[in-house]
There are 2 protein chains.
Amino acid sequence: MTREYGAVTREILDELLSALGKNRVLSDHDGMEPYSWDETGKNFAVLPEVVVKPGNTEDVRAVMRIAQKHRIPVTASAARSGVAGGAIPLRRGIVLTTEKMNRILEVDPVNRTATVEPGVITNDLCKVAAEKGYLYAGSPMSTFTSTVGGNVATNAGGAKGIRYGSTRAHVLGLEVVLPGGDVLSLGGKIRKGTWGYDLKDLVVGSEGTLGIVTKIVVNLEPMPGRTADLLVPFRTIGEAVAATSKILALGVSLLSCEYLDQPSVLLTSRYVKYVYPFQDEAEAFLLIQVEGKDEETLERDCDKVGNLCYDEGAIEVFVADNRSDSADIWSVRQNYAEALRVKDPYFVSGDVLVPLS
Amino acid sequence: MTREYGAVTREILDELLSALGKNRVLSDHDGMEPYSWDETGKNFAVLPEVVVKPGNTEDVRAVMRIAQKHRIPVTASAARSGVAGGAIPLRRGIVLTTEKMNRILEVDPVNRTATVEPGVITNDLCKVAAEKGYLYAGSPMSTFTSTVGGNVATNAGGAKGIRYGSTRAHVLGLEVVLPGGDVLSLGGKIRKGTWGYDLKDLVVGSEGTLGIVTKIVVNLEPMPGRTADLLVPFRTIGEAVAATSKILALGVSLLSCEYLDQPSVLLTSRYVKYVYPFQDEAEAFLLIQVEGKDEETLERDCDKVGNLCYDEGAIEVFVADNRSDSADIWSVRQNYAEALRVKDPYFVSGDVLVPLS
């Protein structure tokens, strides 16, 4: 009987060391320990047999060839900020982290694209794009810690997903190293390609199971106009849900429309030391970001959304139109997972998804 | 040696007849002839051995089971308005047309979705959605003839693709009958699902090669605001291309930005009997649809786009802000393929896609 997977022997370790160099291969317990778990929590930790840190596509190809030859499982890993266990090496073997492949290779103003390596921190891409006058819209809640490669692997969403879609909507092209070391180039600096199977979008969200993404071409958007944030407490969950589907149908330019329930708000409120108005009475909150080309349009659209919320039973509508108020309001949404983890490191979190009906 | 594909024998025909009934099975030459070609032109015609017209998912399952049992190739067919030969039964066998599965099953205002069968004419869905105050944004140039199923099969684009994306961006859920008759339900009335492989989007654009789509859940958008159309002749192709990338970066709400070259305009102009200004001097035209929430915003954004075009060397900027002018301008773009076909029925057409750079 053949074993399903091989073990990482001294010989395999030597192959990896000679392919990548010793700075790029970790096999000691303490060095590997951080790669044994992600934000799912330490109770799901599995120690790999070796951690490799390729610096470029050729390094990744070498690792994949060695892994295939010896039947060693490879788990792709990036910032390990995921909450679904995707970066945990369940079958041990090799953890391949893209953290050293972290260059922003190009911002192309003509095609309105950026080309990056997978280990780039998402917020770094956002900053570089913003300096050139563009928005990289594929930023999830974990934008300050997660990587573009990790966002691609998980098809990460984020608050702006309502307007711009999840990560998949921003990925125009991918370079992928397949098991065995072959390199595929999928898509490119074009937005309307419709030939053949949509393999690019199959790789997005595949959590590294189909191959290792080594290069990413993303779409950049023009910068949005002025924004304002509305925080709206509702006495019941039902009212908040009913308001949501009507707000979405208003035709107002929304950048976000996030739902928060009372237990999450109460917990996070203590953690970030910022109290939401009516948080003891409101079963649910909506946190809505409205965009307007100018002050006047913005004000009118905020009024539209606000009035609709009142019609649906909102206790009050708070508008934050400056940066510090806005940051305070968002801090509750952004720190929920962390507040939860601090309270109970063994809590298993994840996204819940239900149709509006 | 086993044959790769079987032939449709009398026995197989009887099986199809007893599964579907005789109104749903065609095997005479004249009846089948229209199913032997699409807009690629008659010179690529291949006559199928039998044409089946299932009325529902169970019918499709029956056909796929019979086909698999006897190893008969199945080619999916809908309005046959495609220009890439996807509906031509290259290996003969069964043509399965979805034309009888043409019901709009539901418009759901809470989830802002519509559920349709694949044979619904795209424009019929647009109309029903519009009556309820929504936009179905996945309509290609062939909107009056093509079906939603055909749009899904080809991931059809269309002029509004620049704002709303190609068909894939509008498909939330699919019911697919696989070869052999199993039914898959992929996605649903949700917009942010990120678990598992993205099989829904793999089926979109697969031209019926992975299975037969029997039900489609699409996203509906709020209705756009007022629109105006700009027709802009440029003396050189280079100027038009340079202007395009700058227009896209303006941040103005664009519904379309179509490029037309002089030979296409001259040819179609004769066919639709509408003359574009400067069509003898302009190497290229841009046809731009701008959206504004109100008259004032629209006017200002049209000015922005117009001024930019002048800066890039436009000969003139024409603005059509009423329906009949707009229809005339668009008629040239919409009838190009037909004008070409009338001039030369053997011309092979297709979309050309190049990066802006």
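From a predicted model like this one, the values you see are computed outputs, not experimental measurements.

Thresholds applied
- Residues numbered from 1 in each chain as written.
- Chains lettered and ligands numbered in written order.
- Predicted model: local features only at pLDDT ≥ 70, side-chain atom pairs only at ≥ 80, totals over all residues.
- Heavy atoms only, no water.
- Helix = DSSP H or I, 4+ residues; strand = E, 2+ residues; numbered from the N terminus.
- Rg over C-alpha atoms; globule rule 2.2 N^0.38 Å.
- Contact = heavy atoms within 4.5 Å.
- Areas by Shrake-Rupley, 256 points an atom, 1.4 Å probe, with all protein chains shown as cover.
- Pairing = 2+ DSSP bridges.
- Axes fitted to C-alpha atoms, helices over the stretch in contact; angles between N-to-C directions.
- Buried area = accessible area lost by both parts, 1.4 Å probe.
- Salt bridge = Lys/Arg side-chain N within 4 Å of Asp/Glu carboxyl O.
- Polar contact = N/O pair within 3.5 Å; in protein donor to acceptor, adjacent residues only side chain to side chain.
- Nonpolar A, V, L, I, M, F, W, Y, C, P; charged D, E, K, R; others polar.
- Buried < 20%, exposed > 50% of the residue type's maximum accessible area, 1.4 Å probe, protein only.
- Lys, Arg positive; Asp, Glu negative; His and termini not counted.
- Expected span 1.5 Å × (residues − 1).
- Arc of directions from axis to C-beta.
- Phe/Tyr/Trp six-rings, centres within 6.5 Å; stacked < 30°, edge-to-face > 60°.
- Lys NZ or Arg CZ within 6 Å of the ring centre and 35° of its normal.

Trainee: Is there a simple way to think about the overall build of chain A in this case?
Mentor: Secondary structure assignment for chain A yields twelve helices and 15 strands. Its C-alpha atoms give chain A a radius of gyration of 22 Å, within 12% of the compact-globule value 21 Å for 357 residues. Expressed along its principal axes, the backbone C-alpha trace of chain A runs to roughly 70 × 50 × 35 Å. When contacts within chain A are restricted to residue pairs at least 6 apart in sequence, those whose partners lie at least 24 apart make up 71%. Of the roughly 16100 Å² that chain A leaves accessible, carbon and sulfur atoms contribute 51%.

Trainee: Is there a simple way to explain the sheet that holds strand 4 (residues 94–97) of chain A in this structure?
Mentor: Hydrogen bonds between backbone groups are what pair the strands of a sheet, and the pairing can be parallel or antiparallel. Residues and elements named next belong to chain A. Spatial ordering of the open sheet is given by 1-2-4-3, a layout of four strands whose pairing is mixed. Two strands bound the open sheet, and with one partner strand each, they are strand 1 (25–26) and strand 3 (74–77). Each of strand 2 (50–52), strand 3 and strand 4 is contacted by helix 3 (residues 57–70), which is oriented at about 165° to strand 4, the strand it contacts most.

Trainee: Can you help me understand the interface of chain B and chain A in this one?
Mentor: Accessible area lost when the parts come together is the quantity often used to give the size of an interface. The interface is formed by 39 residues belonging to chain B together with 39 residues belonging to chain A. Taken together, both faces of the contact between chain B and chain A bury some 3400 Å²; the carbon and sulfur share is 54%. Across the chain B-chain A interface, the total number found is four salt bridges. Of the charged contacts in the structure, one is a salt bridge between Asp 198 of chain B and Arg 168 of chain A, with a shortest N-O distance of 3.1 Å. Run the count over chain B and chain A and you get seven residue pairs in polar contact (both at pLDDT 80 or more). The set of elements that each furnish at least two residues to the side of chain B that touches chain A consists of helix 7 (199–203) and helix 8 (237–248) of chain B. Here the element with the most residues in the side of chain B that touches chain A is helix 7 of chain B; it accounts for three residues. Looking at the side of chain B that touches chain A residue by residue, the class counts come to 15 nonpolar, 15 polar and nine charged.

Trainee: It is not clear to me how the side chain of Asp 301 of chain A should be interpreted in this structure. Could you clarify?
Mentor: All names here are of chain A. Relative to the elements of secondary structure, Asp 301 occurs in helix 10 (residues 295–311). No salt bridge forms around the buried Asp 301; measuring N to O, its nearest opposite-charge neighbour Arg 300 is 4.0 Å away. Apart from the residues lying within four places of it in its own chain, the contact partners of Asp 301 are Val 252, Ser 253, Val 290 and Glu 291.

Trainee: What is the right way to read the pairing of strand 4 of chain A from this model?
Mentor: The side chains of a regular strand alternate, first on one face of the sheet and then on the other. Residues and elements named next belong to chain A. Going residue by residue along strand 4, you find Ile 94 and Leu 96 tucked away on one face and Val 95 and Thr 97 tucked away on the opposite face as well. Where strand 2 lies against strand 4, three bridges are found, and the strand directions are parallel. Residue pairing in the sheet places Val 52 in a bridge with Leu 96 of strand 4. In this structure, strand 3 lies alongside strand 4, joined through four bridges in parallel fashion. Of the residues in strand 4, the one forming a bridge with Val 74 is Ile 94.

Trainee: Before we go on, may I ask you to explain the side chain of Asn 155 of chain B in this structure?
Mentor: Inspection of the secondary structure assignment puts Asn 155 of chain B in the loop between helix 5 (148–154) and helix 6 (161–164). Within polar-contact distance, the side chain of Asn 155 of chain B engages the backbone nitrogen of Thr 167 of chain B at 3.3 Å.

Trainee: How do you make sense of unusual backbone geometry when you look at a structure like this?
Mentor: A negative phi angle is the norm for most residues apart from glycine, just as the trans form is the norm for most peptide bonds. Residue and element names in this part refer to chain A. A positive phi is found at Asn 155, a non-glycine position, where the angle reads about 50°. Backbone geometry at Lys 273 places phi at a positive 55°, although glycine is not the residue there. Checked against the element boundaries, Lys 273 lands in the loop between helix 9 (262–272) and strand 14 (284–292).

Trainee: Looking at this structure, I do not really get the environment of Leu 199 of chain A. What am I missing?
Mentor: Relative to the elements of secondary structure, Leu 199 of chain A occurs in helix 7 (residues 199–203). You can call Leu 199 of chain A partly exposed: its relative accessible area is 36%. Linking Leu 199 of chain A and Glu 15 of chain A, residues 184 residues apart in sequence, is a C-alpha distance of 31 Å. Not counting the four nearest positions on each side in its chain, Leu 199 of chain A is found in contact with Leu 186 of chain A together with Leu 202 of chain B.

Trainee: How do you make sense of the sheet that holds strand 14 (residues 284–292) of chain B when you look at a structure like this?
Mentor: Residue and element names in this part refer to chain B. If you trace the four strands from one edge of the open sheet to the other, you get 13-14-12-15, paired in antiparallel fashion. Every other strand in the sheet has two partners, leaving strand 13 (254–261) and strand 15 (318–320) as the edge strands with one partner each. Neighbour-to-neighbour, the strand axes of the sheet open up by a mean angle of 15°, direction not taken into account. Packing against the sheet, helix 8 makes contact with strand 12 (226–234), strand 13 and strand 14, and its axis sits at approximately 20° to strand 14. The strands touched by helix 9 (residues 262–272) are strand 13 and strand 14; relative to strand 13, the strand with the most contacts, the crossing angle is about 90°.

Trainee: I'm lost on helix 11 (residues 323–334) of chain A in this one. Help?
Mentor: Note that an α-helix has 3.6 residues per turn; residues three or four places apart therefore point the same way. Residues and elements named next belong to chain A. The first and last C-alpha atoms of helix 11 sit 15 Å apart over twelve residues, in line with the 16 Å expected at 1.5 Å per residue. Residues of helix 11 that are buried: Ser 326, Ile 329, Trp 330, Ser 331 and Val 332. Elements that come into contact with the buried residues of helix 11 comprise strand 12 (226–234), strand 13 (254–261), helix 9, strand 14, strand 15 (318–320) and helix 12 (336–343).

Trainee: Please clarify how helix 1 (residues 10–20) of chain B should be interpreted in this entry.
Mentor: Residue and element names in this part refer to chain B. Of the positions making up helix 1, those classed as buried are Ile 12, Leu 13, Glu 15, Leu 16 and Leu 20. Projected down its long axis, helix 1 carries its buried residues within an arc of 155°, all on one side. Those residues of helix 1 that are exposed and aimed more than 90 degrees away from the buried face are Arg 10, Glu 11 and Ser 18. Considering only its buried residues, helix 1 is in contact with strand 1 (25–26), strand 2 (50–52), helix 3 (57–70) and strand 4 (94–97). Directly beyond the C-terminal end of helix 1, a positive phi value near 90° is found at Gly 21.

Trainee: Can you help me understand the packing of aromatic side chains in this one?
Mentor: Centre distance and the angle of the planes are the two values used to describe a pair of aromatic rings. All names here are of chain A. For the structure on display, the rule yields six aromatic pairs over all chains. Each residue in the set Tyr 274, Tyr 276 and Phe 285 is aromatic and connected to the rest through ring pairs, giving one cluster. The cationic tip of Arg 80 hangs over the ring face of Tyr 35; the distance from NZ or CZ to the ring centre is 4.2 Å.

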